[in-house]
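Coordinates in review
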Amino acid sequence: MDIDSNNETTKRQQFGNRVLGDESKVFEHNAWDDAIWDEEQELQAKRKIEDNSTEKMEEINSEELETKAGEKWDAFYATHENRFFKDRHWLFTEFPEIMEILERNREKYETCRETTTSSLKNDSVNETSSEESLYVNQDTEIHTRILETGCGVGNTIIPILEAINDEGVFIYGCDFSETAVQLLRTNRLYDNKRCSVFQHDLTRDNWEHPIKHVDLVTMLFVLSAICPSKMKSVLQKVANQMRPGCLLLFRDYGQYDMAQLRFRSGKCISDNFYARGDGTRVYFFTEQEVTDLMESVGLNKLRSHVDRRLQVNRARRLKMYRIWIQGVYQKQ
């Protein structure tokens, strides 16, 4: 398995290494990790949320946004195409589990193939375990299957295809938006021999696509776009596609994130759930909420944390506090 030595992932340090110790140096870099909030700052954030969530959106309007969620995301991608979100080259530093799983599965595959070949030569009974048979008894060279939920225009899939030169890794991707899926298919790096993407509404549809149980799931800034009352059922559908031992990699918006504090009154649908100006929606999680949701569908927490980032605009001398929830969860 080859990793492109020129890829950004091989150069970039893992988040969490740049901590602001001297406030006078805040504008010397674009971002600082593990930003510490004092009591007054947190109190101000709570007040802003109280102010922008007191007046809730009318039910008829919120129901329309739910009904037309797919249309809103189609319109979003029709407008922005692949220019809005940046490719997630930080995947391999934030989630080293990706490479660990690929290496382990490749080794298993090679070992099982050698065992099977030897058994056939000796005309002996194949005594491979049920786990090994997952790798041996398939008419394919694929050893690892990845499911990218909410694939969009490929901001996760494309970096994986770029970084991993291994035809034994196959990626499935689904998204709310047919427009996004079509844009991804036109990407020059998209390879239908190594991945398959399709439109799919996780909140409504049953799985109708031939996805074999996967070894790894990525869910990055996806669950927050879904109505809170449907989050558990969405996670359950995803968990049903996971093999025992499969990992789910999660990253999404955290409560008190700058984006939440900026919402105006009347945009709040329900607690911590808002409608953007373009009609797409976003939820802001606490760490415990995410853990509880995952455990409710049989996914146990391996690790999680609240990523508090201070981003600065040095030209305008602005400070922007971002908060994300990040974790890794495993199906037993």
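What counts and how
- Residues numbered from 1 in each chain as written.
- Predicted model: local features only at pLDDT ≥ 70, side-chain atom pairs only at ≥ 80, totals over all residues.
- Heavy atoms only, no water.
- Helix = DSSP H or I, 4+ residues; strand = E, 2+ residues; numbered from the N terminus.
- Contact = heavy atoms within 4.5 Å.
- Areas by Shrake-Rupley, 256 points an atom, 1.4 Å probe, with all protein chains shown as cover.
- Pairing = 2+ DSSP bridges.
- Right-handed = clockwise from strand over helix to strand, strands pointing away.
- Axes fitted to C-alpha atoms, helices over the stretch in contact; angles between N-to-C directions.
- Parallel < 35°, antiparallel > 145°, perpendicular 65-115°, else oblique.
- Expected span 1.5 Å × (residues − 1).
- Buried < 20%, exposed > 50% of the residue type's maximum accessible area, 1.4 Å probe, protein only.
- Arc of directions from axis to C-beta.
- Polar contact = N/O pair within 3.5 Å; in protein donor to acceptor, adjacent residues only side chain to side chain.
- Salt bridge = Lys/Arg side-chain N within 4 Å of Asp/Glu carboxyl O.
- pLDDT = per-residue confidence, 0-100.
- Phe/Tyr/Trp six-rings, centres within 6.5 Å; stacked < 30°, edge-to-face > 60°.

**Quick word on the overall build of the protein**
Assigned secondary structure in the protein consists of 11 helices and 13 strands. Contacts spanning at least 24 positions in sequence make up 75% of the contacts within the protein whose residues lie at least 6 apart. In the structure as shown, the protein presents an accessible area of about 17,000 Å², 44% of it carried by carbon and sulfur atoms.

**Focus: the pairing of strand β6 (residues 195–199)**
Within a regular strand, the side chains alternate between the two sheet faces. As paired strands, strand β5 (residues 169–175) and β6 are joined by 5 bridges and run parallel to one another. The partner of Ile171 across the bridge, within β6, is Cys195. For the crossover that starts at β5, traverses helix α8 (residues 178–185) and ends in the parallel β6, the hand is right-handed.

**Looking at the packing of helix α3 (residues 69–80) against α8**
Between α3 and α8, the least distance of the axes is 7 Å, while the angle of their chain directions is 40°. As summarised for this structure, α3 and α8 are arranged oblique, according to the angle between their axes. Note on element contacts: α8 touches α3 through Glu178, Thr179, Ala180 and Leu183, opposite Asp74, Tyr77 and Ala78.

**Details of helix α1 (residues 39–53)**
Compared with an ideal rise of 1.5 Å per residue, which puts 15 residues at 21 Å, α1 spans 21 Å between its outermost C-alpha atoms and is within 8% of the ideal. Every buried residue belonging to α1 is among Gln41, Ala45, Ile49, Asn52 and Ser53, and all of these are buried. Here the buried residues of α1 occupy an arc of 95° about the axis, which is enough to place them on one side. Away from its buried face, by an angle of more than 90 degrees, α1 presents the exposed residues Glu39, Glu50 and Asp51. The residue sitting at the N-terminus of α1 and contributing the capping side-chain oxygen is Asp38; that oxygen lies 3.2 Å from the backbone nitrogen of Glu40.

**Looking at unusual backbone geometry**
What is expected of a backbone is that most residues other than glycine have negative phi and most peptide bonds are trans. The residue Glu81 is not glycine, and still its phi comes out positive at about 50°. Relative to the helices and strands, Glu81 is located in the loop between α3 and α4 (91–94). A relative accessible area of 35% means that Glu81 is categorised as partly exposed. Its identity as a non-glycine residue notwithstanding, Asn272 has a phi of 65°, on the positive side. Structurally, Asn272 is set in the loop between β9 (268–270) and β10 (273–275).

**Points about the pattern of salt bridges**
All told, the structure shown has 12 salt bridges when counted by the stated rule. In this structure, Arg281 and Glu66 form a salt bridge, with 2.7 Å as the shortest nitrogen-oxygen distance. Here Arg281 is found in strand β11 (residues 281–283), whereas its partner Glu66 is found in helix α2 (residues 59–67), with 215 residues between them in sequence. Relative accessible area serves as the criterion here: at 16%, Glu66 is assigned to the buried category. Linked by salt bridges that have partners in common, Glu66, Lys230 and Arg281 make up one network.

**Points about the confidence of the model for the protein**
This prediction gives the protein a mean pLDDT of 84; 79% of its residues lie at or above 70. Across residues 1–13 the pLDDT falls below 50, and counting only partners more than four positions away or on other chains, this stretch makes 29 contacts in the model. Here residues 124–139 is a poorly scored stretch, pLDDT under 50, and it has 20 contacts once near neighbours within four places are set aside; other chains count.

**Looking at the packing of aromatic side chains**
On inspection of all chains with the given rule, the structure shows 15 aromatic pairs. With 5.1 Å between their ring centres and 90° between their planes, Phe76 and Tyr77 make a pair best called edge-to-face. Centroid distance Phe250 to Phe285: 6.0 Å. Interplanar angle 80°. Geometry classified as edge-to-face. Of this pair, Phe250 sits in strand β8 (residues 242–253) while Phe285 sits in the loop between β11 and α11 (287–296); the two residues are 35 residues apart in sequence, bridging distant segments of the chain.

**Section: the environment of Pro228**
Position of Pro228 relative to the elements: it lies in the loop between β7 (214–220) and α9 (231–240). Its relative accessible area of 29% is what places Pro228 among the partly exposed residues. Separated by 42 residues in sequence, Pro228 and Ser270 place their C-alpha atoms 9.0 Å apart. Beyond its immediate sequence surroundings of up to four residues, Pro228 is in contact with Ser270, Phe273 and Tyr283.

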